[in-house]
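For reference, the chains in residue letters:
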Amino acid sequence: MCGIIGYAGTRQASPLLVEGLQRLEYRGYDSAGIAVLDSDGQLHVKKQQGKLAKLTASLEGVHPPGTIGLAHTRWATHGKPSDENAHPQQDCSQEVAVVHNGIVENYLDLGQELMAQGHGLTSETDTEVIAHLIEANLQNGDELHEALRHAIQRIEGSHAIVALTKNDPDRLVAARVGNAGGVVIGYGENEHFIASDLPALLPETHRVVFLDDGELVELTRESVRYWDAAGEPIDKEPQTVPLDPVAAAKGTYKHFMLKEIVEQPECVLDTFRGRVLFDPPSVQLEDLDMSADTLRNIERVVLIAMGTSLHAAMVGRRYFEELAGLPAEVDYASEFRYRSAIVGPETLVVSVAQSGETVDTLEAMQEAQRAGSPQITICNTPGAQSTRVADATVYTRCGPEISVASSKTLTASMIALYLLACHIGRVRGRLDETQLAELTGPLAHLPDLMGRVLHGAPAIEELAHQFQSYHHFLFLARGLQYPVAMEGALKLKELSYIHAEGYPAGEMKHGPIALIDEQMPTIAIAVRDGMREKMRSNIEQVRARDGTVIALINEGDTEMAQKADHVIEVPETTPLLLPLLTVLPLQLLAYYIAVLRGCDVDQPRNLAKTVTVE
Ligand code: AGP
């Protein structure tokens, strides 16, 4: 995620901003920048590609003077890492400074419109259009917070934005739109802070407010004011978060499980940010230490994993077949390690393990290593054992997953596999630039679409009330949605202790249909991915036997909705990316049922976060 920090108070801002960025460095970035307003109203901006140490070195020990400012660490999405593309981004007059986390999905159209109005855009970033929109709104007489509010009405996507202007030197303004980036406000004595997440603030204050989707805030040394998306003033009371950083990280959430479900749009953005450039389209896996020749000599792929990570691997298998053009198979690591698998230098073994310490996965990796197979691992834990066994690693960059049941590492692993398959497909000449653009383009909209699904949580909670007392569930799907059905069943099992089975729907007539009755609800995933018609038939078969069906469908599919007893709707996206949307309601359903059943959601009975013993 991009790191954001802002300060308005009585102390010199620059050292505080740099310290705040240092506390966000764990997130990874390729550029850093700072903007400080001094008492004469001069705006000092310093930004460049490279690490924070390089930025602070360029300050040569002389921090720009001023008691109000903002700072940023950037992962590139639009515009390569460069000094010009680093944040803060500014307007024509260099009087406005903006830092941003998110993707302005309509930045090209807005850029054209602004240039037609005489604005001179100088960077390759999507963010710069925000600075010019604010400039234009200020020129129209808006106060700073209104200028930002009118600007966010024009931009599409999910965002966290902080801005200031030298012409109104006492305040910072910020806005949060969607789920791609948090905004936390910290309350001090005669000073206030703003940051993209809690760790940046904790050493300075434990009194915080979390901005919600659509809200805006204005900070001065003395005051904090809030507005809703319509510009109406709202009240938000600061809360005191625990001193313990881990407990504090839970923020306002009742459970880490819910927090980690909700932060998936941001995690997915973190996973592909800095690795996907949209214009021109490219996938760059900077930490993939495996040569193009090695990848070209691969003849097949074997994926190994356990639990939720296996379900990500099942989705990844399709990605390798369709995007890299390689035969691919998936196996439980616990099975692979004992079956004398036929693998060798021609087989790329891809392991998925968010902890990187799962014993069966590590043992299977060592089996493959003995067979001479090149290995890539997908991992969320820097320096984990699996990253030392594999030849190369693609990190998911989700930040620690505290809940025992996995959620954000699943969707992040799927995206990591998607990027890896695109990269290999490109290296092997299977994908040309046009095809790559068709595959990377939809990623820009994915965090926003995931956020839209998560906004439907209240309807899922209502379903949970209706289904909390059943003892058995069947999850049915086909193709790329079959792993999602498996994951939905696993979540329900491990969180609420209800028996649930995930099945390929084509298997129904080969046995499971005998189970159908009014005591066994069926969750059927029937989205527009080429399997919809077949799934409609399966839904009809279940209903014909008095089975209750919850159908997970695409928005507006009224015909399918009429076939089911209950529906859950998700937006459209490409079939390959639909699993990242359909899994979200199933995670939420399992979570809410578990809460209603009084289960220990973050530490389910009998389970460990990492299975390091057989
Ligand atoms: C899933 O919710 C469980 N936490 C468990 O199945 C987990 O996915 C499995 O143990 C694999 O863990 P890993 O990704 O760290 O290897």
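Residues numbered from 1 in each chain as written. Predicted model: local features only at pLDDT ≥ 70, side-chain atom pairs only at ≥ 80, totals over all residues. Heavy atoms only, no water.

Asker: So, the overall build of the chain: which residues are in play, and what are the values?
Answerer: Counting its regular elements, the chain contains 21 helices and 27 strands. Oriented by its inertia axes, the alpha-carbon framework of the chain measures out at about 80 × 55 × 50 Å. Split into buried and exposed, the 614 residues of the chain put 61% on the buried side. Expressed as a percentage of contacts within the chain between residues at least 6 apart in sequence, the contacts between residues at least 24 apart total 71%. A total of about 22300 Å² of accessible surface is found on the chain, and carbon and sulfur atoms cover 48% of it. (Helix = DSSP H or I, 4+ residues; strand = E, 2+ residues; numbered from the N terminus. Buried < 20%, exposed > 50% of the residue type's maximum accessible area, 1.4 Å probe, protein only. Contact = heavy atoms within 4.5 Å. Areas by Shrake-Rupley, 256 points an atom, 1.4 Å probe, with all protein chains shown as cover.)

Asker: So what's going on with the nonpolar core? Which residues, and what values?
Answerer: Ranked by size, the top nonpolar core spans 101 residues in total, and within it Phe-272, Tyr-319, Phe-320, Leu-420 and Leu-443 carry the most contacts. By size, the runner-up hydrophobic cluster in this structure holds 25 residues, among which are Leu-16, Leu-202, Val-208 and Val-241. (Core = buried A, V, L, I, M, F, W, Y, C linked by side-chain atoms within 4.5 Å.)

Asker: For the environment of Glu-329, give the residues involved together with the corresponding values.
Answerer: Tracing the backbone shows Glu-329 in strand E19 (residues 328–332). Note: C-alpha distance between Glu-329 and Ile-304 (25 residues apart in sequence) is 8.8 Å. Ignoring sequence-local partners within four residues, the contact set of Glu-329 consists of Arg-300, Val-301, Val-302, Leu-303, Arg-317 and Arg-339. A distance of 3.1 Å separates polar atoms of two side chains, one belonging to Glu-329 and the other to Arg-339. (Polar contact = N/O pair within 3.5 Å; in protein donor to acceptor, adjacent residues only side chain to side chain.)

Asker: Residue-level account of the pattern of salt bridges, with values.
Answerer: For the coordinates displayed, the defined rule picks out 34 salt bridges. The partner of Arg-154 in a salt bridge is Glu-113, with the nearest N and O atoms 2.7 Å apart. Residue Arg-154 is found in the loop between helix H5 (144–152) and strand E7 (159–165), and its partner Glu-113 is found in helix H3 (residues 107–116); the two are separated by 41 residues along the sequence. Classification of Arg-154 as partly exposed rests on a relative accessible area of 35%. A salt bridge links Asp-360 to Arg-337; the nearest nitrogen and oxygen atoms lie 2.7 Å apart. (Salt bridge = Lys/Arg side-chain N within 4 Å of Asp/Glu carboxyl O.)

Asker: So, the site of the ligand: which residues are in play, and what are the values?
Answerer: Of all residues adjacent to the ligand, which total 13 residues, the nearest are Ser-309, Ser-355, Thr-358, Ser-406 and Glu-494. A distance of 2.5 Å separates an oxygen atom of the ligand from a polar atom in the side chain of Ser-309. Contacts to the ligand include Gln-354, whose backbone N or O atom sits 2.8 Å from an oxygen atom. Relative to its unbound accessible area of 410 Å², the ligand is 93% covered by the protein chains. (Near = heavy atom within 4 Å.)

Asker: Explain the sheet that holds strand E25 (residues 522–525) to me, using residue names and the numbers behind them.
Answerer: The five strands lie next to each other as E24-E23-E25-E26-E27, forming an open sheet whose pairing is parallel. What marks the edges here is a single partner per strand, and that holds for strand E24 (499–504) and strand E27 (566–570). Within this sheet the neighbouring strands show an average axis-to-axis angle of 20°, counted without direction. Bridging between E25 and strand E26 (residues 549–554) involves four bridges; their strand directions are parallel. Within E26, the position partnered with Ile-525 by the bridge is Leu-552. Those strands touched by helix H18 (residues 482–496) are strand E23 (472–477), E24 and E25, and its axis lies near 175° from that of E24. (Pairing = 2+ DSSP bridges. Axes fitted to C-alpha atoms, helices over the stretch in contact; angles between N-to-C directions.)

Asker: I'd like to hear about the packing of aromatic side chains, residue by residue, with values.
Answerer: For any pair of aromatic rings, the description consists of the separation of the ring centres together with the inter-plane angle of the planes. Summed over all chains, the structure comprises seven aromatic pairs. Aromatic pair Tyr-319 and Tyr-418: ring centres 5.1 Å apart, planes at 80°, arrangement edge-to-face. Here the residue Tyr-319 occupies a position in helix H10 (residues 307–324), and Tyr-418 occupies one in helix H14 (residues 408–427), the gap between them amounting to 99 residues. The two residues Tyr-319 and Tyr-418 agree in class, both being buried. Centroid distance Tyr-470 to Phe-473: 6.2 Å. Interplanar angle 75°. Geometry classified as edge-to-face. Taken together through their ring pairs, the aromatic side chains of Phe-467, Tyr-470 and Phe-473 make up a single cluster. The positively charged end of Arg-605 is found above the aromatic ring belonging to Tyr-497, 3.8 Å away from the centroid. (Phe/Tyr/Trp six-rings, centres within 6.5 Å; stacked < 30°, edge-to-face > 60°. Lys NZ or Arg CZ within 6 Å of the ring centre and 35° of its normal.)

Asker: Describe the state of the cysteines, listing the residues and the values that go with them.
Answerer: Enumeration over the complete set of coordinates arrives at zero disulfides. Sulfur of Cys-422: no disulfide; nearest cysteine sulfur belongs to Cys-398 and is 18 Å away. Classification of Cys-422 as buried rests on a relative accessible area of 1%. (Disulfide = S-S within 2.5 Å.)

Asker: So what's going on with the pairing of strand E1 (residues 3–8)? Residues and values would help.
Answerer: Summarising burial for E1: six of the six residues are buried, a large majority. Residues Gly-3, Ile-5 and Tyr-7 line one face of E1 and the alternating positions Ile-4, Gly-6 and Ala-8 line the opposite face, and both faces are buried. Examined bridge by bridge, E1 and strand E4 (residues 68–74) share six bridges and lie antiparallel to one another. From the neighbouring strand, Tyr-7 faces E4, where its bridge partner is Gly-69. Summarising the sheet, E1 and strand E10 (residues 192–195) pair through four bridges and their orientation is antiparallel. Considered in E10, the bridge of Ile-5 is made with Ala-195.

Asker: For unusual backbone geometry, give the residues involved together with the corresponding values.
Answerer: Here the bond from His-87 into Pro-88 is cis, since omega is 5°, no more than 30 degrees from zero. Relative to the assigned elements, Pro-88 resides in the loop between E4 and strand E5 (89–90). Residue Asn-190 is not a glycine yet carries a positive backbone phi of 55°. Positionally, Asn-190 belongs in the loop between strand E9 (184–187) and E10.

Asker: So, the environment of His-132: which residues are in play, and what are the values?
Answerer: Along the chain, His-132 falls in helix H4 (residues 128–139). Each C-alpha atom, one on His-132 and one on Met-508, is 57 Å from the other, the two residues being 376 residues apart in sequence. Apart from residues lying up to four places away in sequence, His-132 is in contact with Gln-90, Asp-91, Cys-92, Leu-114, His-119, Gly-120 and Leu-121.

Asker: Describe the packing of H18 against helix H21 (residues 579–596), with residues and values.
Answerer: Geometry of a packed helix pair, given as the angle between the helix axes and the separation of the axes. Following both chains from N to C, one finds H18 and H21 inclined at 20°, their axes separated by 9 Å at the closest point. It follows from the interaxial angle that H18 and H21 lie roughly parallel. With respect to the hand of their crossing, H18 and H21 are arranged in right-handed fashion. On the side of H18, the interface is formed by Val-484, Glu-487, Gly-488, Lys-491, Leu-492, Leu-495 and Ser-496, while H21 contributes Pro-579, Thr-582, Val-583, Leu-586, Ala-590, Tyr-591, Ile-593 and Ala-594. Looking at side-chain class alone, the contact of H18 with H21 contains ten nonpolar, three polar and two charged residues. (Parallel < 35°, antiparallel > 145°, perpendicular 65-115°, else oblique. Left-handed = near helix turned anticlockwise from the far one by under 90°. Nonpolar A, V, L, I, M, F, W, Y, C, P; charged D, E, K, R; others polar.)

Asker: Describe the sheet that holds strand E18 (residues 300–305), and please don't skip the residues or the numbers.
Answerer: If you walk across this open sheet you meet the five strands as E19-E18-E20-E21-E22, and the pairing is parallel. Among the strands making up the open sheet, the edge pair consists of E19 and strand E22 (392–395). On average, each strand axis in the sheet is inclined to that of its neighbour by 20°, with strand direction left out of account. The pairing of strand E20 (residues 347–352) with strand E21 (residues 375–379) spans four bridges and is parallel. Each bridged residue has a counterpart across the sheet, and for Val-352 the counterpart in E21 is Ile-378.

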